[in-house]
Amino acid sequence: MSIVYKSEPLRGAAWQRLFAEALPDLPFHLWPETGDPAAVRYLAAWQPPEDLAARFPALEVLFSVGAGVDQFDLRALPPHVQVVRMVEPGLTAGMVEYVTLSVLALHREFPLFLDQQRRGVWAATKGLRAERRRVGVLGLGVLGLAAVKALQGFGYPVSAWSRGRREVAGATCFAGTEELPAFLAGLDILVCLLPLTAETRGMLDAARLAALPRGAGLVNAGRGGHLVEADLLAALDSGHLSAAILDVSDPEPPPPDHPFWSHPRIWLTPHVASTTHADTGGEALVENIRRHRRGEPMLGLVNRSRGY
Ligand SMILES: O=CC(=O)O
């Protein structure tokens, strides 16, 4: 029985050392080294090999080394293979930082002031107290929930939307497609932390952006595929939206002549909102393999038909 790691090599080397101590009976191979392919029970990867099923016939669990699993072709995996996304405190903390920074930047109108600086304009605005700035988070998974709690700490009235009904202390929760317009209509800042699935692809389109109040701002730290980029540009250029902070695009990076590079009201970061940490991520993987061996549910287990 063994595990193969196929992703960023430095983190792989750290995890190999950790596994040698924590699970010494489980050989840890760094791709393209796999040992006996028929002995491979676990694969930790960002991009699995295309011939996954034929190459590793005894594979039981495919672990994503990141929070998302949209990079996997879930339909092509043998039905018995379990899929697990990364849930680890370092990844969550990084996302909380990014979302907090972005919401504070929009709340304090930094995109406007930096654009004014470039144009040599010195003009103050009145600003708004946090208690009056309505912030909404799309997605209430591990990351969405952590973001909601952090934002509540600043005094923002926070609401959240999820596919299924959820309750979060102190937050107004909306559920399902039918409640999406009401959720969006009550926001000054929208944060997208959804998983990318067939249902959420293209969700932030002209109609959804138009449902936000005039002057609202957008943070997308989910996936580029959630956003119809042309619709965002139109909403910014018409003045309906005030600014957008984007960590993701589709494709990544955007083509050299893409307006995202130079738009005065867009801040673009190169998919850095959060990454799996070598230490805490390795510990989370060890813990999940222990759980799997004991027949216990793994943290971050993906419902394959739902896609997250
Ligand atoms: O986008 C990054 C991840 O899925 O961890």
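Residues numbered from 1 in each chain as written. Predicted model: local features only at pLDDT ≥ 70, side-chain atom pairs only at ≥ 80, totals over all residues. Heavy atoms only, no water.

(A) Summary view of the domain arrangement of the protein. Split into domains, the protein comes out as domain 1 (2-88 + 276-294) and domain 2 (91-268). Using only C-alpha atoms to locate each centre, domain 1 and domain 2 end up separated by 33 Å. Facing 9 residues of domain 1, the contacting portion of domain 2 comprises 6 residues. Here domain 1 and domain 2 share an interface that buries about 600 Å² over both sides, 53% of which is from carbon and sulfur atoms. Of all residues in domain 1, A67, D70 and E88 give up the largest surface area on contact with domain 2, accounting jointly for 61% of the area buried on that side. The tally of links between domain 1 and domain 2 comes to 1 salt bridge. Here D70 and R223 are joined by a salt bridge, their closest N and O atoms 2.9 Å apart. (Domains from an automatic or database assignment. Contact = heavy atoms within 4.5 Å. Buried area = accessible area lost by both parts, 1.4 Å probe. Salt bridge = Lys/Arg side-chain N within 4 Å of Asp/Glu carboxyl O.)

(B) The arrangement of the site of the ligand in detail. The immediate surroundings of the ligand are formed by W46, G66, A67, G68, R223 and H271. G68 has a polar backbone atom sitting 2.8 Å from an oxygen atom of the ligand. Of the residues assigned to the shell around the ligand, the class counts are 2 nonpolar, 3 polar and 1 charged. (Near = heavy atom within 4 Å. Polar contact = N/O pair within 3.5 Å; in protein donor to acceptor, adjacent residues only side chain to side chain. Nonpolar A, V, L, I, M, F, W, Y, C, P; charged D, E, K, R; others polar.)

(C) Expanded view of the sheet that holds strand β12 (residues 266-268). Spatially, the 7 strands line up as an open sheet ordered β8-β7-β6-β9-β10-β11-β12, and their pairing is parallel. Bordering the open sheet on either side are β8 (172-175) and β12, each of which pairs with just one other strand. Strand-to-strand twist of the sheet, defined as the mean angle between neighbouring strand axes without regard to direction, takes the value 15 degrees. Direction of pairing for strand β11 (residues 241-246) relative to β12: parallel, over a ladder of 3 bridges. Pairing of L246 across the sheet is with L268, part of β12. (Pairing = 2+ DSSP bridges. Helix = DSSP H or I, 4+ residues; strand = E, 2+ residues; numbered from the N terminus. Axes fitted to C-alpha atoms, helices over the stretch in contact; angles between N-to-C directions.)

(D) Unusual backbone geometry, seen in detail. A cis amide bond, omega 15 degrees, links W31 with the succeeding residue P32. Structurally, P32 is set in the loop between β2 (28-30) and β3 (40-45). Cis peptide bonds are those with omega within 30 degrees of zero, and the linkage from D250 to P251 qualifies with 5 degrees. Mapped onto the elements, P251 comes out in the loop between β11 and β12. A positive phi angle is found at E109, which is not glycine, with a value near 60 degrees. Of note, H271 is a non-glycine position whose phi angle comes to about 50 degrees, a positive value. Inspection of the secondary structure puts H271 in the loop between β12 and α9 (278-294).

(E) Structural view of the pairing of strand β6 (residues 135-138). Side-chain alternation along β6 places V135 and V137 on one buried face and G136 and L138 on a second face that is also buried. Of the pairings in the sheet, the one linking β6 to strand β7 (residues 158-162) comprises 4 bridges and is parallel in character. What sits directly across from G136, in β7, is S159. In terms of strand pairing, β6 meets strand β9 (residues 189-192) through 4 bridges, oriented parallel. Bridged to V135 within β9 is I189. (Buried < 20%, exposed > 50% of the residue type's maximum accessible area, 1.4 Å probe, protein only.)

(F) Region of interest: the environment of G217. Take G217: it is sitting in strand β10 (residues 216-220). Overall, the relative accessible area of 2% leaves G217 in the buried class. Placed 30 residues apart in sequence, G217 and L187 show a C-alpha to C-alpha distance of 8.9 Å. Here G217 is in contact with L106, D188, I189, L190, S242 and A243, once residues within four sequence places are set aside.

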